[in-house]
Amino acid sequence: MSSATLAYPPAAPSELPHTPESPASAKVIGPRPFWLICASHVINDVYPIAFNALVLIFTLRLNLEGWQIGLIYSISQILSGLPQGISAWATDRFDTRIAAPIGLFVSALCTGLMGFATSFEILVVLVAIAQIGNGIYHPTSAALSGQLGSRLFRHGRAMAVSVFFAAGMLGSILGPFAWKFAAIDEGVAVAKTLPRMAWLIIPGAIMAVILFFNTGHLTHRHDNHHDLHASMPRRESRLRWYAVGVLFWANAVRFIVNTGMIVLFPIWATIHLAGDVNKATSVTVQLIGAMAFGMGVAALFAARLVRTGKERGGIMILSAFGAVATAGV
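Described below are features of the structure shown in this document.

Thoughts on the pattern of salt bridges
Side chains that differ in charge, positive against negative, can pair when their charged atoms come close.
Step number 1: Tallied over the entire structure, the rule returns one salt bridge.
Step number 2: With a shortest N-O distance of 2.8 Å, R240 and E236 are connected by a salt bridge. With R240 and E236 both in helix 11 (residues 234-272), this residue pair falls four residues apart, about one helical turn.
Step number 3: Given a relative accessible area of 39%, R240 falls into the partly exposed group.
Step number 4: E236 gets classed as partly exposed once you look at its relative accessible area, which sits at 21%.

Topic: a nonpolar patch on the surface
Step number 1: On the surface, a nonpolar cluster with roughly 330 Å² of combined accessible area is contributed by F105, L109, L113 and F116.
Step number 2: Structurally, the position occupied by F116 is in the loop between helix 5 (99-113) and helix 6 (120-149).
Step number 3: Since its relative accessible area comes to 46%, F116 is described here as partly exposed.

Some details on the nonpolar core
Step number 1: Core analysis: the largest hydrophobic core is formed by 61 residues, its most contacted members being F51, L54, F58, L123, W179 and M197.
Step number 2: The element best represented in this core is helix 6, accounting for ten residues.
Step number 3: Beyond its immediate chain neighbours, meaning those up to four positions away, F58 contacts F51, N63, L64, M114, L123, L194 and M197.

Structural notes on the packing of aromatic side chains
Step number 1: Counted according to the given criterion, the structure contains six aromatic pairs.
Step number 2: Ring plane angle 70 degrees and centroid distance 5.6 Å describe the contact between W67 and F120, whose orientation is recorded as edge-to-face. Of the two residues, W67 sits in helix 4 (residues 66-94) while F120 sits in helix 6, which places them 53 residues apart along the sequence.
Step number 3: The class for F120 is buried, based on a relative accessible area of 10%.

What to know about empty space enclosed by the protein
Step number 1: The full count for this structure, using the stated rule, is one cavity of 30 Å³ or more.
Step number 2: Put simply, the largest cavity is a space of about 70 Å³.
Step number 3: In this structure, the largest cavity is lined by Y47, P48, A50, F51, S76, S107, T111, M114, V127, A130 and Q131.
Step number 4: At the level of elements, helix 3 (50-62), helix 5 and helix 6 are the ones that each hand at least two residues to the lining of the largest cavity.
Step number 5: In terms of residue class, the lining of the largest cavity is made up of seven nonpolar, four polar and no charged.

Cut-offs used in this document
- Residues numbered from 1 in each chain as written.
- Predicted model: local features only at pLDDT ≥ 70, side-chain atom pairs only at ≥ 80, totals over all residues.
- Heavy atoms only, no water.
- Salt bridge = Lys/Arg side-chain N within 4 Å of Asp/Glu carboxyl O.
- Helix = DSSP H or I, 4+ residues; strand = E, 2+ residues; numbered from the N terminus.
- Buried < 20%, exposed > 50% of the residue type's maximum accessible area, 1.4 Å probe, protein only.
- Patch = residues over 30% accessible without salt bridge, like charges linked within 9 Å, V, L, I, M, F, W, Y side chains within 5 Å.
- Areas by Shrake-Rupley, 256 points an atom, 1.4 Å probe, with all protein chains shown as cover.
- Core = buried A, V, L, I, M, F, W, Y, C linked by side-chain atoms within 4.5 Å.
- Contact = heavy atoms within 4.5 Å.
- Phe/Tyr/Trp six-rings, centres within 6.5 Å; stacked < 30°, edge-to-face > 60°.
- 1 Å grid on protein atoms, 1.4 Å probe; cavity = no way out; pocket = protein on both sides within 12 Å on 5 of 7 lines; lining within 4 Å.
- Points joined across faces, edges and corners; volume = space filled by probe spheres on them.
- Nonpolar A, V, L, I, M, F, W, Y, C, P; charged D, E, K, R; others polar.

Set out below in structure tokens:
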């Protein structure tokens, strides 16, 4: 018998160096929490898109000027991004999942109340707090989707995170149409229709409660997180931080393009449908929905087609393709 036959069996993934173990609580639960997280992502991502979908209606209602609209766009991006780092740190530091349901509830509440805004200042405050809630929600839910969903798919964590991402895109597709349905009624003044946005607080509040009771008890840290950090060579740590930095700046550039398209959609619609705010809003909603649809489909197909370890090539090819398509717009 050869020496290969007598060799010890391969080590389990948790025994390999620098491989995180999943939280102990994740080993004894079924698929329901993962699908609840995805469902919550659908609902959560309905809210951040509200102002973008109804920007022309809010401009008419509050007589917004160009610089005010631009300020709201900027605040939305900044305040949905910066809290994510703080939320992620707090989640790791205190080993808790509470940030996701809290963020979802805050986002739903303040977005729904935007319909009652009677001035630019009130609208800015509501948008700011809603976007902070949106930022708080994402780090915890994204991490949890990867940890729990990695056992459900043949492609593992990559497919799980892609499904989670696609769920958010579904919310971004449905959201604009939901806000249009709530806030626009032919022949009725927007002062009377905008307050109907408050009805959409209900699904977010219900999902936040469901999310709390189904994931709030799960631990966040990996079982071997202390050993993992203590044993990681300094060179590997630097390489990981370098990779994070590259992805950070690549994502920043992507969001510049993404946000730019969202800003241009209502401008394009207004130019082609001058004088008809309702129709221009409908076109804006359709364009935002189409963009979100493309992002969601690409996420699902990329996860299935790009093999583990070959992600760099996929990112480069898809980025180049997206750049050409964006230039065509």
